[in-house]
Amino acid sequence: MESDISDSDDEVIDIESDALEVVDVDMDTESDVFELSNGESNIVTGIPEMNTDIFDIETSIPEMNTDIFDIETGIPEFDKGDIETETDVVYSDTRLPENVLPMAYRLDFYTSIENSTFDGKEEIDIEILKDTNSIIFHSENLSLSNITISNENEVLKPNSIRFTKESNFVTLNFNETLKSETNYTLHMQYSGKLNSYNMGYFIKEYYNEDDSQSRMAATQFEAAEARRAFPCFDEPQLKATFQLNMTVDDGYNALSNMNVVEIKEIENSNLKQKKYIFANSVKMSTYLVAFMVSKFQSISDKYNDVDVSIYFTPDLIKDTKYSLKLAIKLLKFYEDLFKIPYPLPKLDLVGIPDFWVGGMENWGLINFRSESILWNEETGTVIDKYGVVTLIAHEIAHQWFGNLVTMKWWDNFWLNEGFANYMQNIATNVVEPELGITNNWYYEYHFIFSNDIIDKINSVYNYSPNPKYHEDWDIISIYNKGESIIRMMEFWLNKMNDNHSTSTTSIEDNYFYKRIHEYLDLYKYNNVDSQQLYETLESYDDNGQPLYHVSEIMESFIKQKGIPIVMMERISNDHDQIITLSQEQLVSIDIKQKNTMIQGNSTWFIPYSYSIYSNSTGKPELLESHYITLEDNDDRKSKTTISLPTKDDEATNTKIFIKGNEDQKGYYLVQYDDESIQVACEWLKSDLNFMSYINRAGFISDIFNQLLEDRAENPITILNCLDYLKNEKSTIVWIKVLEYFNVLIKRYKRNNMEKNELIMKYISDLIKNIFEDIGWVEKEKEGIEKKSGIEDNTIINRKELRLSLMDLGDHNEENNRAKALYYYNEIKNGTYSENLEEYILDYIFETGIKYGDVDESDIDFILNKLDSETSKFDKYSLMSGLKQVSDASLRKKILEKFSNDIENDFNLDDDEYQDLKIELLLNWASEDYYLCFTFVRDHWDDYFKEKYLNDNDNLINLIEKIYSKSKKENEHFQEIATWINVIDKEEKKINLENEIIDKDHNDNNLENEENENDPIILWLKEHY
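The structure presented is a predicted model; accordingly, all values stated were derived computationally and were not measured.

Caption draft 1: Structural context of the packing of aromatic side chains. Going through the model one piece at a time under the given rule, you end up with 66 aromatic pairs. Measuring from ring centre to ring centre gives 6.2 Å for Phe202 and Phe355, while their planes differ by 20 degrees; the resulting arrangement is stacked. Taken together, the residues span a long stretch of sequence, with Phe202 in strand E13 (residues 200-207) and Phe355 in the loop between strand E22 (346-352) and strand E23 (359-360) at a distance of 153 residues. Its relative accessible area of 0% is what places Phe202 among the buried residues. Its relative accessible area of 2% is what places Phe355 among the buried residues. Feature note: the residues Tyr105, Phe109, Phe118, Tyr190, Tyr201, Phe221, Phe230, Phe242 and Phe291 constitute an aromatic cluster, connected by ring pairs. Sitting above the plane of the Tyr913 ring, Lys875 keeps its charged end 5.5 Å from the centroid.

Caption draft 2: A look at the sheet that holds strand E8 (residues 143-150). Spatial ordering of the open sheet is given by E9-E8-E12-E6-E5-E15-E18-E17, a layout of 8 strands whose pairing is mixed. On the outer flanks of this sheet lie strand E9 (155-156) and strand E17 (260-268), each paired with one strand and no other.

Caption draft 3: Representation of the sheet that holds strand E21 (residues 306-312). Read across the open sheet, the 5 strands follow the order E20-E21-E22-E24-E23; overall the sheet is mixed. Taken across any chain shown, the strands that pair with only one partner, and hence form the sheet edges, are strand E20 (297-303) and E23. Two elements, E21 and E22, share 5 bridges in a ladder whose sense is parallel. Residue pairing for E22: Ile310 is matched across the bridge by Leu349. The sheet strands contacting helix H2 (residues 321-338) are E20, E21 and E22, and the helix crosses E20 at an angle near 30 degrees. Packed on one face of the sheet, helix H3 (residues 382-397) meets E22, E23 and strand E24 (365-369) and runs near 150 degrees to E24.

Caption draft 4: Local environment of the side chain of Asn425. Here Asn425 is to be found in helix H4 (residues 414-431). Here the side chain of Asn425 touches Asn421 through a polar contact of 3.4 Å, landing on its backbone oxygen. Side-chain polar atoms of Asn425 contact the side chain of Glu483, separated by 3.0 Å. Beyond its immediate chain neighbours, meaning those up to four positions away, Asn425 contacts Ile437, Trp441, Glu483 and Arg487.

Caption draft 5: Molecular detail of the environment of Tyr608. Summarising the element assignment, Tyr608 is placed in strand E29 (residues 606-614). In this structure, the C-alpha to C-alpha distance between Tyr608 and His626, residues 18 residues apart in sequence, is 8.3 Å. Not counting residues up to four positions away in its chain, the partners in contact with Tyr608 are Trp492, Val566, Met568, Leu581, His626, Tyr627, Ile628, Leu630, Gly660, Tyr668 and Val670.

Caption draft 6: Spotlight on the pattern of salt bridges. Summed over the entire model, instances satisfying the criterion amount to 48 salt bridges. We note a salt bridge from Lys329 to Glu432, for which the minimum N-O separation is 3.4 Å. Of this pair, Lys329 sits in helix H2 while Glu432 sits in the loop between H4 and helix H5 (441-452), placing them 103 residues apart in sequence. Linking Glu728 and Arg696 is a salt bridge whose minimum nitrogen-to-oxygen distance equals 2.7 Å. In this pair, Glu728 is assigned in the loop between helix H13 (715-721) and helix H14 (731-748) and Arg696 in helix H12 (residues 693-708), connecting sequence segments 32 residues apart. The exposure class of Arg696 is buried, given its relative accessible area of 4%.

Cut-offs and rules
The residue numbering used here restarts from 1 in each chain and proceeds along that chain's sequence as written. Under the rules for a predicted model, residues below a pLDDT of 70 receive no local features and side-chain atom pairs below 80 are neither given nor counted, while totals for whole chains, interfaces and linings still include all residues. Calculated side-chain values reflect all of the structure's heavy atoms, with hydrogen atoms and water omitted. Only centres within 6.5 Å qualify two rings of Phe, Tyr or Trp (six-membered ring in Trp) as a pair; their planes then separate them into stacked at under 30 degrees, edge-to-face at over 60, and tilted for everything else. In this text, helices come from DSSP runs of H or I with a minimum length of four residues, and strands from runs of E with a minimum of two, each type numbered from the N-terminal end. Throughout this description, buried means an accessible area under 20% of the type-specific maximum (1.4 Å probe, protein chains only), exposed means over 50%, and partly exposed covers the range between. For a lysine, the NZ atom is tested; for an arginine, the CZ atom; a charge sits over a ring if that atom is within 6 Å of the ring centre and within 35 degrees of the ring normal. Here, a strand pair is defined by DSSP locating no fewer than two bridges between the strands. By definition, residues are in contact when any of their heavy atoms lie within 4.5 Å. Under this scheme, a helix contributes an axis fitted over its contacting stretch, all axes are lines through C-alpha atoms, and angles between N-to-C directions fall in the 0 to 180 degree range. In the analysis that follows, any N or O atom pair within 3.5 Å is treated as a polar contact, provided that within protein one partner can donate a hydrogen and the other can accept it, and provided that, for residues neighboring in sequence, both atoms belong to side chains. Within this document, salt bridges are pairs made up of a side-chain nitrogen of Lys or Arg and a carboxyl oxygen of Asp or Glu, the two lying within 4 Å of each other.

Structure, rendered in structure tokens:
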């Protein structure tokens, strides 16, 4: 469907203020279906300009006859004696019928921030596609009135109105037939309440710098919430234009998707108000409509003809300057890459306090959680900057992927989010190259496939006709796996087109992005399904046959759960060498043991890459790379054969290694034979840089999977290989290795102490060098530590690696323990002079208390620091230490101090600190639940009750855990149960049916049965 930007001067309207003629109706109902038909009523809502004899001066909200309609729920009330049987066919589908097409909306809103209410008038231009006697649209929690439909010749009133609660359908039934290929305008008025749960049209309260409180209203319509703000055809494929007017009270301003064309001053019954009239929008889906009413301030700049602005609370607007500059850089990058200009005259980025998601890509008015776009160029850290850049890059990418071109239905939501996730990394690497995040996507790659092999995520494509099934969206699959599959296809298609250039200067000229330009240009302002993307990415031979099998590849990865593993097996004779390739679904051995029904029978159409390395020149070097397809063959025994370079008779010492999955761009794993592992590891020990760090990370990840999933020919070969890690410097390689070490630790954690100690000795030996190299003190301020000569040695990666190394400290790893105890003693003795980051201090205090020689002096030291206003240690770090206290007398000492604080009203206004105390009790409750119970019980009235009434989740979890532990141990159970029944009698907030599972006793870990012949343990005993 062709679409162009409308001429806003012609399309801007200001709906007349006179109330529309009241529709006379009766009401009928059956279960969740409510119907209005002929009878007396006076349901009137409107905007502030209406006749004052029906306008409430005090509240600025139009009055209505509440005997007829419930303003809060939008469900008509009725007198059962007036029920009338109708002959209209009830529409029972969950999707809208395809007989009406909305073309243009005109909305005239009034929002009362003071009263948390809104109301308005609406006109929707529609085209009738098929003769019908009814029109169905969406409305939820709205009161509707004065509904008519008109064309050039007549105005029609519905003879009955039906509301279906489950689908949010409003059905207008007419005596007259609405003719196809005829345009009509639907008129109505509506009103509703601003909600407090961040969906639809919602209200937000926040504190200013001077502790005063302010309020603002904003919208969040994805996926099916626009219907909570105005009646609409609320499905993504039903795009239309939107022209909004927003009337607000004095002191407030209004924003919407489009630019303001006029602001009218309104004097209405002594109330000063302003009406913001916005330009008509481009054609877009309802979930992208957005508006906001606030007292925010803004900073602005221009990019070409686009006004770019940040709107924020006045006290923090100064810290958004970086985000403004960044938004302009990103607009330029995306325009240059896609070769399609940003189509709106303005782009606003808004920081909403406590917004429930990181960001929402509303066209021209992007909402963010406020702290997500704050970065002070003088005091901000590189890590925080990274978060700001990637989030803004993600949401601005959506202005093309999702806004300009939108999926037809939510089953293809990955077309929005997979692409935005993919583009955020590409864009960040270009606009902020000093961050050095070229291959940081590989962090999440392991996380995705580790969930895929244990059957924890759904397929990327997952159809449901229910428009609100988004509540069950699998975010990992849609966002992260979708991104990984797009990355695989970008790499594959460029390689198949012999375009080996991946430099950022020519990225827009490669095959993939040329085709993405065609895709965006061809379907702009329209909706697509995945096949239309595949067709655009494909090329065809002279006979019209596809060259790259894009559809087959993508469908096999998008519509199936799981991940394939490609088994490479070398077959050699004196002169010829071949590799056979076969595939199967990789399912974790742990899952197979627990659920014998999950065997993994899927196969894929795999775009496979492999690189051939040889030492024929005396050192290992890359000879060549190849790109083939492994077909989705029902015969799982089918194998693909590839030939390797022939050995020279004189070069008898020449060896060849085949690395599968070049640069780890493919969403599959590789299984190597023993000979290949031996060759690669021999070379790694002598020249680890013969492979790039990303290829080393992939190879080590693959052989670790073989080791842990019982797929190795000889586990000893892999264990011997890992010794090379003592010389490995790549942060990304080590981050991956440490993830596998944690799996290895969990596997043997509860078998016996001897095995656990062997594992920890082995790991401590391997990590010793990298542990010293990476250190705990971050001295660099630039993103990349260039002097190291290690490409991935960035601040971001080093922090990630430190966190991974410190995770080993939870298992009493000796390098971490020794360093933490050293710093803890320095802190306690007053000789600490470093400026370690908070996450490291958290670990130092935890370790110092857990593994140090702790006595009352340690507790006094920490408690004094908690009370000190000048302490340089964060309360969270200090409380992290107290959580580790295990001695009963010391725990009592701590609670005595907390009791004194409560009795003396000391520090109780620090909500964050008080919540940390509850977290501490939650941590102790596994071992000392009765001590925790008595403390909560004794201070219920003067401390805990208020938190309980305010729905403090940690407190409720604590009480449930105390109950569960007492029930399990059958001690003090009756006492605790009786007390809970008393305090929870009225509110019923505590769920005594919850089964509390202690983290330390979670059986989801990989567990080996006792096996005296376990090759891993036998090898460890021999070497450690």
